[in-house]
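Fold and geometry: a report
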Amino acid sequence: MGSVGMSADQLLNAERYQFITVLGGGSVENFETILDHLLAWDLLNWEEYETVRSPGQLYSSSRALLDMVMCKGARACELFILVWRQVFPRSQFLGIELKDYEPPDETDRSAAATQSARTLQRCRPSVVRRLHGRTAAALLLLHGCGHFTQYECDEIQLPIYTPSQQARKLLDLTKGKGDDAARVLLEYIESEPSPIKSVLDNARLKYQEKLSSTLAAQSRFLTNYAGTENMCLEDVYVNCTLETTDTTSGGGRLLSSVGLHDIFGSEGVFNRDADVVLIVGDAGSGKSTLLQRLQQLWAMRQHFQEFTFVFAFSCRRLNFIDGQVSLKMLLFEYCCWPDHHQDEVFQYILDHPEEVLFTLDGFDELKLQFTEQVKHCSPTKPAPALNLISNLLQGNLLKNTRKVVSSRPNAVNAALRKYLRKEFALKGFSREGIQAFIRRRHGGGSGSDAEHILHFVEANPAVHGLCHVPFFCWIVSKCHEQLMQGGEAPAQTMTDIYLLVLDHALLHCTHHAQVGDDILPAHISTIFHLGKLAMDGLLSCNYVFSASQLQEAQISEEDISMGFLVQSRSFSRVRAATRNRNYEFLHITIQCFFAALHIASSEDVGESALSSLFRAREKETSTCLKSAARIERFSLSCLRCGLQTDRRCKAMFRDAEKSNLHITASFVSGLLSGRHKHLMHKFSGSPRQSKKSKLVKGYMAKGIEKHFLSIPPAVRDEKKSMHALPEFVWWIKCIYEMQDDDLAKQAVSNLEVDHLKLTYCGIGPLECTALAYVLRHLKNPVGLQLDYNSVGDIGIEQLLPCLGNCQSIYLRANNICDRGAATLVEQALGCSNLQKMALFHNNLTDDCAENFARLLKHKDNFLALRLGNNHLTATGAVALAEGLKQNNSIQFLGLWGNKVGDAGASALAKALEDNTSLIWLSLVDNNIGGRGARGLASMLKRNTALQELCLEENSLIDEDVQHFAEGLQNNTSLRVLKLSNNKITKKGMEFIVSALKHNVTVASIWLGGNQATAEEIEEVTKAEARLTF
Ligand SMILES: Nc1ncnc2c1ncn2[C@@H]1O[C@H](COP(=O)(O)OP(=O)(O)OP(=O)(O)O)[C@@H](O)[C@H]1O
Ligand SMILES: [Mg+2]
């Protein structure tokens, strides 16, 4: 920032936007404190003060204030900067160098001090501080003396005003009451003890210290299974892939290399007035862990120090707050209690909301339908905790505090979206993330355990795909020994690896020296009890269990010692001392797994409950709320009587939380698969499993069929296409868990579409594994469109088995790197059906170009390659050109939005001189200038196939157009030449006009966005109608 050396008025002028942004986006308190000073120094008169103080519109008031100050000249600007420094001591967040200026001369102050009203104004900032929290007493006095009416007193003390605002209101009203009233007030202030500021600072610092040491302790360990493994977060934390959309670049580019520190940055902000940052991700993708890391970084003073206080809430625990609480209670009793000066600390929070951060984990678990209907604005009045949270998010309470909310995707409704500042998608571990995680847990170095595990994982695509979900990666690393001894049936599915956890736990808690088949029967009752508890909880959206609930479910200490139930973290030490211990499953997916074990093995869960679990439901929003009402009614013993229980379960499955039910259903499918028949028989000892298995297979086949039946018939002359809904992906995942080839075959046997569209369906590596498992049975090849998912390089590995059944594959915006592209090409070389690939908006560089060149060289039926908006340069284009020279099938080549430049364009042009297949070439926005244009123009003289050449958004000038004009005179194939948004003037356009006199093939030349006036455009279009603007 070149602000050093500027005078104050120059600085305000140059950085006006920044000043307004900080002031307008900050708190009312800061704004009004600035006004206090300016009034005190007579820099603003009362009229001006009245004009700018309208707290509802901080941005416009800030703008007006800045204009006023700037109109008053250089000294006024200096004073403004002086007060700015006091109010925003962290001026670094402006990025501007602020000088220290002299305060106003004090001499005339004493002269005027005889008038009390004047003194009140002159000392306004300190008077406001001293009246802070004492307005009621001052008003009592003023009312007693007859200066204020009761109505005025009430009006000033309305709870919508903060104490500072009340003090200001009192001062403003006193001004109109004459000097007598001012004198009473002044005397009152002077009779009171010294300013409270230092006490306040002290109290704030003490509380900040306590809060950060509490959070540091709470965030130190990851709660993990068996209680024996207390892993330090710092030691195991690996960055997950976070994605957001860049809103500044019109097209909404996907930003995939963002990190935790970008959460509060300006990238990806789509609503500047909102202050909620949302992080969405599937189960086990690491949302809670990410928030924990954020809290830890703040508490250890390593990051996020712009916040004075961080309050961390878990929605799961918030659900448990009974009765009504005030905001103050919520913060102090449920997060951290200030040992001294509670009122002052709370006041500081109210006055400085921009210094406060709330983290809210697991919004999907909140038993509240987020609406704007219940308004609550008072920070002191009690209300149900969930209402407070809802109003906090809306900004009715503590406006301008920052909020980071994590949630599973489905729970975010339109009402909440209105309050989102920006949104991130958490996509689990990348390949490097998996490596880092395993190395951290098992030690690095060649020959180490870590390298063996990694070798195994990377050699088993299905396991590699699973590891992309951090929680699954943890299981794999934890149970690697059993996993690697897998024998003839290595783990493939999510169910398989959860069975490994079970196996691992049994092995480690068994007292028998001998291991093997004997372990399970000894623990059947534990598994049964845990399963029952898990399912009851799931049905009522209950994930925390009290001691009495455990007792009712007959869970013994020994059952707990297996490690699947962990003690719930309490809200604070105060609460911990007064409450009984609560337990929860170590992860919610573990609860789903135990519930699935119960559903698959228990006699009490029959056909109707099972069908209800698998029925595809239309309702999208979280249904936790409805279920909340059932918690009390729902007794844990409801499963006692067979048929009746089955019906009840059926009804409750309909209301339970959908995303967890989906996970449970996937586990049920896995457990009922033929591969686990033997194991499941041990659980139940009854033959009903095979009946259940048949039923479940039937539901799946029906579910998929229903999807296919809903496909509309093909539009005439167009390919028949199906846009799958996320539910389709879930069915496919269930089929994969079943590992039943016949079922997979049957599922797609009726799929008669040419194009399968799965855009925005949340498809990651795991889903790719399942998709490939099913789609490899397709009878006819399809176009597979997977745009806007998170397939990534690991997902590409998973898709390989079905690539042979794809005619085309579209992978726009899927975070694919060169490695993924190389894997794709390698497989594509052997897939005769595959003719088209689209990979725009990924992370491809020149390193992948050789692979695509190889594809072009060896695949003589290949039709279309689209690599737009990647990072290819001239080097990549030169390599591609080599492949192009040896190919005579390709018809479409898209390189829009790369940086091939002149050298790249020339190489491609050379390769195309004798090419007879390519009909469409896009080199839009590729830094192409004179040399590239000459090459392309001379290619046009020889080429006889190219029909459309797109060169928009380059640096072409008139001289280059002259070359194109010559090229066109000798060309008989080109129909469309796109030259919009270059630097062409009328002169260049005239070259085209004369060239077209000799060319009848060209249908249109696009020239919009160049350097011609409206009259010139009219003139040239009159001369040649084929010019398009
Ligand atoms: N960034 C990470 N580094 C290391 N381990 C991680 C990371 N993220 C998650 N894990 C592991 O995965 C487990 C599950 O993650 P977490 O509980 O954060 O998932 P979640 O997204 O909150 O799931 P849910 O939607 O069910 O609440 C953690 O307990 C930890 O073992
Ligand atoms: Mg979580």
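Structural data are supplied above this passage.
Report follows, based on the coordinates. (Residues numbered from 1 in each chain as written. Chains lettered and ligands numbered in written order. Predicted model: local features only at pLDDT ≥ 70, side-chain atom pairs only at ≥ 80, totals over all residues. Heavy atoms only, no water.)

**Notes on the overall build of the protein**
- Within the protein one finds 50 helices and 26 strands.
- Per-residue burial over the protein gives 58% buried out of 1029 residues.
- Sequence-distant contacts, at least 24 apart, represent 78% of the contacts inside the protein between residues at least 6 apart. (Helix = DSSP H or I, 4+ residues; strand = E, 2+ residues; numbered from the N terminus. Buried < 20%, exposed > 50% of the residue type's maximum accessible area, 1.4 Å probe, protein only. Contact = heavy atoms within 4.5 Å.)

**Some thoughts on the pairing of strand E10 (residues 402–407)**
- Taking burial as the measure, the 6 residues of E10 include 6 buried ones, the bulk of the element.
- Alternating residues of E10 divide into Arg402, Val404 and Ser406 and Lys403, Val405 and Ser407, and every residue in both groups is buried.
- In the sheet, strand E8 (residues 356–361) pairs with E10 via 4 bridges, with the strands oriented parallel. Bridging across to E10, Leu360 finds its partner in Val405. (Pairing = 2+ DSSP bridges.)

**Here's the deal with the side chain of Arg402**
- Looking at the secondary structure, you find Arg402 in strand E10.
- Buried and unpaired, Arg402 has Asp275 as its nearest opposite-charge partner, separated by 5.8 Å.
- In contact with Arg402, other than residues within four places in its own chain, are Phe264, Asp275, Phe307, Val356, Leu357, Phe358 and Arg421. (Lys, Arg positive; Asp, Glu negative; His and termini not counted. Salt bridge = Lys/Arg side-chain N within 4 Å of Asp/Glu carboxyl O.)

**Some details on the sheet that holds strand E24 (residues 976–978)**
- Pairing is parallel across the open sheet formed by 12 strands, whose spatial order is E15-E16-E17-E18-E19-E20-E21-E22-E23-E24-E25-E26. Looking at the sheet topology across the chains shown, the edges are occupied by strand E15 (721–723) and strand E26 (1027–1028).

**Points about the site of ligand 1**
- For ligand 1, the set of nearby residues contains 21 residues, the closest of which are Val238, Lys287, Ser288, Thr289 and Arg408.
- Between Gly284 and ligand 1, the recorded distance is 2.9 Å, taken from a backbone N or O atom to an oxygen atom.
- In the model, an oxygen atom of ligand 1 is placed 3.0 Å from a nitrogen or oxygen of the Gly286 main chain.
- Here ligand 1, which alone exposes 630 Å², has 94% of that area covered by the protein.
- Listing elements by their share of the shell around ligand 1, those giving two or more residues are helix H16 (287–299) and helix H25 (470–478).
- Considering every element that reaches the shell around ligand 1, the biggest residue donor is H16, with 3 residues.
- By residue class, the composition of the shell around ligand 1 is 11 nonpolar, 7 polar and 3 charged. (Near = heavy atom within 4 Å. Polar contact = N/O pair within 3.5 Å; in protein donor to acceptor, adjacent residues only side chain to side chain. Areas by Shrake-Rupley, 256 points an atom, 1.4 Å probe, with all protein chains shown as cover. Nonpolar A, V, L, I, M, F, W, Y, C, P; charged D, E, K, R; others polar.)

**Here's the deal with the environment of Ala522**
- Examined against the element boundaries, Ala522 turns out to sit in helix H28 (residues 519–539).
- When its relative accessible area of 45% is taken as the criterion, Ala522 is described as partly exposed.
- Once the C-alpha coordinates of Ala522 and Leu506 are considered, the two residues, 16 residues apart in sequence, prove to be 9.4 Å apart.

**A closer look at the packing of aromatic side chains**
- Considering all chains together, one arrives at 32 aromatic pairs under this definition.
- Note on Phe545 and Phe585: the rings are 6.0 Å apart at their centroids and 85° apart in plane angle, and the pair reads as edge-to-face. Here the residue Phe545 occupies a position in strand E12 (residues 545–546), and Phe585 occupies one in strand E14 (residues 582–585), the gap between them amounting to 40 residues.
- You can call Phe545 buried: its relative accessible area is 1%.
- Of note, Lys177 hangs over the ring of Phe148, and the distance from its end group to the ring centre comes to 5.1 Å.
- Lys978 extends its terminal NZ or CZ atom over the ring of Trp1006, reaching a point 4.0 Å from the ring centre. (Phe/Tyr/Trp six-rings, centres within 6.5 Å; stacked < 30°, edge-to-face > 60°. Lys NZ or Arg CZ within 6 Å of the ring centre and 35° of its normal.)

**A closer look at helix H32 (residues 588–601)**
- Here H32 is 14 residues long and its end C-alpha atoms lie 20 Å apart, about the 20 Å a rise of 1.5 Å per residue gives.
- Of all the 14 residues making up H32, 14 are buried; the element is thus mostly covered by neighbouring parts of the structure. (Expected span 1.5 Å × (residues − 1).)

**Section: the packing of helix H47 (residues 930–942) against helix H48 (residues 958–969)**
- Here H47 crosses H48 at 10°, and the two axes come no closer than 7 Å. Taken together, the axes of H47 and H48 lie roughly parallel to each other. From H47, Gly930, Ala933, Arg934, Leu936, Ala937, Leu940 and Lys941 reach across to H48, where they touch Asp960, His963, Phe964, Glu966, Gly967 and Leu968.
- Its residues placed into classes, the contact of H47 with H48 shows 6 nonpolar, 3 polar and 4 charged. (Axes fitted to C-alpha atoms, helices over the stretch in contact; angles between N-to-C directions. Parallel < 35°, antiparallel > 145°, perpendicular 65-115°, else oblique.)

**Thoughts on the pattern of salt bridges**
- Under the counting rule described, the total for this entry stands at 39 salt bridges.
- Put simply, Asp339 and Lys210 hold a salt bridge, and the shortest N to O gap is 2.9 Å. Here Asp339, found in the loop between helix H18 (327–334) and helix H19 (342–351), pairs with Lys210, found in helix H14 (residues 197–218); they are 129 residues apart in sequence, far enough to count as distant.
- For Lys210, a relative accessible area of 23% translates into the label partly exposed.
- We note a salt bridge from Asp275 to Lys403, for which the minimum N-O separation is 3.1 Å.

**Here's the deal with unusual backbone geometry**
- A positive phi angle, near 45°, is found at Leu398, a position not held by glycine.
- Looking at where Leu398 falls in the secondary structure, it is placed in the loop between helix H20 (385–394) and E10.
- What makes Leu398 buried here is its relative accessible area of 9%.

**Brief notes about the sheet that holds strand E13 (residues 565–567)**
- Reading across from one edge, E12-E14-E13 is the order of the 3 strands in this open sheet, with antiparallel pairing throughout. Of all the strands in the sheet, just E12 and E13 have a single pairing partner and so form its edges.
- Most of the contacts of H28 go to E14, to which it runs at about 90°, and overall it touches E12, E13 and E14.

**Some details on the nonpolar core**
- The biggest cluster of nonpolar side chains holds 269 residues, and the ones touching the most others in it are Phe311, Leu502, Phe594, Phe614, Leu758, Met837 and Phe852.
- Beyond its immediate stretch of four places on either side in the chain, Phe614 contacts Ala665, Val668, Ser669, Val696, Tyr699, Met700, Trp730, Trp731 and Cys734. (Core = buried A, V, L, I, M, F, W, Y, C linked by side-chain atoms within 4.5 Å.)

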